[in-house]
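Here's the letter readout for the chains.
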Amino acid sequence: MPDHVHMLVSIPPRISVSSFMGYLKGKSALMMFDKHANLKYKFVNRHFWAEGYYMSTVGLNEATIKKNIQD
């Protein structure tokens, strides 16, 4: 889909999902604004990502999920 991102990541148990997502969204937005300066004018309030995220655990079907993300 052109309007969202699918990722398969592994997070150590000592890091909370919300902390990881906050870090990931914050750093990636800063990197996008640094690389593409014109985005600063499109996203004036610097809200690059939408609020929220969806998270699910992966068990034995990791290979299937990885294939679906790549396709």
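Residues numbered from 1 in each chain as written. Predicted model: local features only at pLDDT ≥ 70, side-chain atom pairs only at ≥ 80, totals over all residues. Heavy atoms only, no water.

(A) A look at the overall build of the protein. Tallying secondary structure elements over the protein gives three helices and zero strands in all. Counting from the amino terminus, helix and strand elements in the protein follow one another as α-α-α. Within the protein, buried positions represent 8% of all 71 residues. Pairs at least 24 residues apart make up 48% of the contacts formed inside the protein by residues separated by at least 6 positions. If you sum the accessible surface of the protein, you get close to 6,500 Å²; carbon and sulfur atoms cover 58% of it. (Helix = DSSP H or I, 4+ residues; strand = E, 2+ residues; numbered from the N terminus. Buried < 20%, exposed > 50% of the residue type's maximum accessible area, 1.4 Å probe, protein only. Contact = heavy atoms within 4.5 Å. Areas by Shrake-Rupley, 256 points an atom, 1.4 Å probe, with all protein chains shown as cover.)

(B) A look at the environment of Leu39. Looking at the element boundaries, Leu39 is found in helix α2 (residues 39-42). Judged by its relative accessible area of 14%, Leu39 is buried. Taking the C-alpha atoms as reference points, Leu39 and Ala29, 10 residues apart in sequence, are found 10.0 Å from one another. Those residues within four positions of Leu39 in sequence are excluded, and the remaining contacts are Met32, Phe33 and Phe48.

(C) The layout of surface pockets, seen in detail. Roughly 1,100 Å³ of internal volume is contained in the largest pocket. As for the largest pocket, its lining consists of 34 residues, and the residues nearest its centre are Met7, Leu8, Val9, Tyr54 and Met55. Counting residues per element, the lining of the largest pocket draws most heavily on helix α1 (residues 17-35), at six residues. Among the residues forming the lining of the largest pocket, the class breakdown is 22 nonpolar, eight polar and four charged. (1 Å grid on protein atoms, 1.4 Å probe; cavity = no way out; pocket = protein on both sides within 12 Å on 5 of 7 lines; lining within 4 Å. Points joined across faces, edges and corners; volume = space filled by probe spheres on them. Nonpolar A, V, L, I, M, F, W, Y, C, P; charged D, E, K, R; others polar.)

(D) Fine view of the confidence of the model for the protein. Averaged over all residues, the pLDDT of the protein equals 80, while 89% of them reach at least 70. Looking over the protein, one finds the lowest element-wise mean pLDDT in α2, namely 69, and the highest in α1, namely 86. (pLDDT = per-residue confidence, 0-100.)

(E) Quick look at the pattern of salt bridges. Per the counting criterion, the structure on display carries one salt bridge. The shortest N-O distance in the salt bridge between Glu62 and Lys66 comes to 4.0 Å. Taken as a pair, Glu62 and Lys66 lie in helix α3 (residues 62-70) at a separation of four residues, close to a single helical turn. (Salt bridge = Lys/Arg side-chain N within 4 Å of Asp/Glu carboxyl O.)

(F) Region of the structure containing the side chain of Lys25. Summarising the element assignment, Lys25 is placed in helix α1. Accessibility expressed as a relative area gives 19% for Lys25, which makes it buried. Each residue touching Lys25, except ones within four places of it in the same chain, is listed here: Trp49, Ala50, Glu51 and Gly52.

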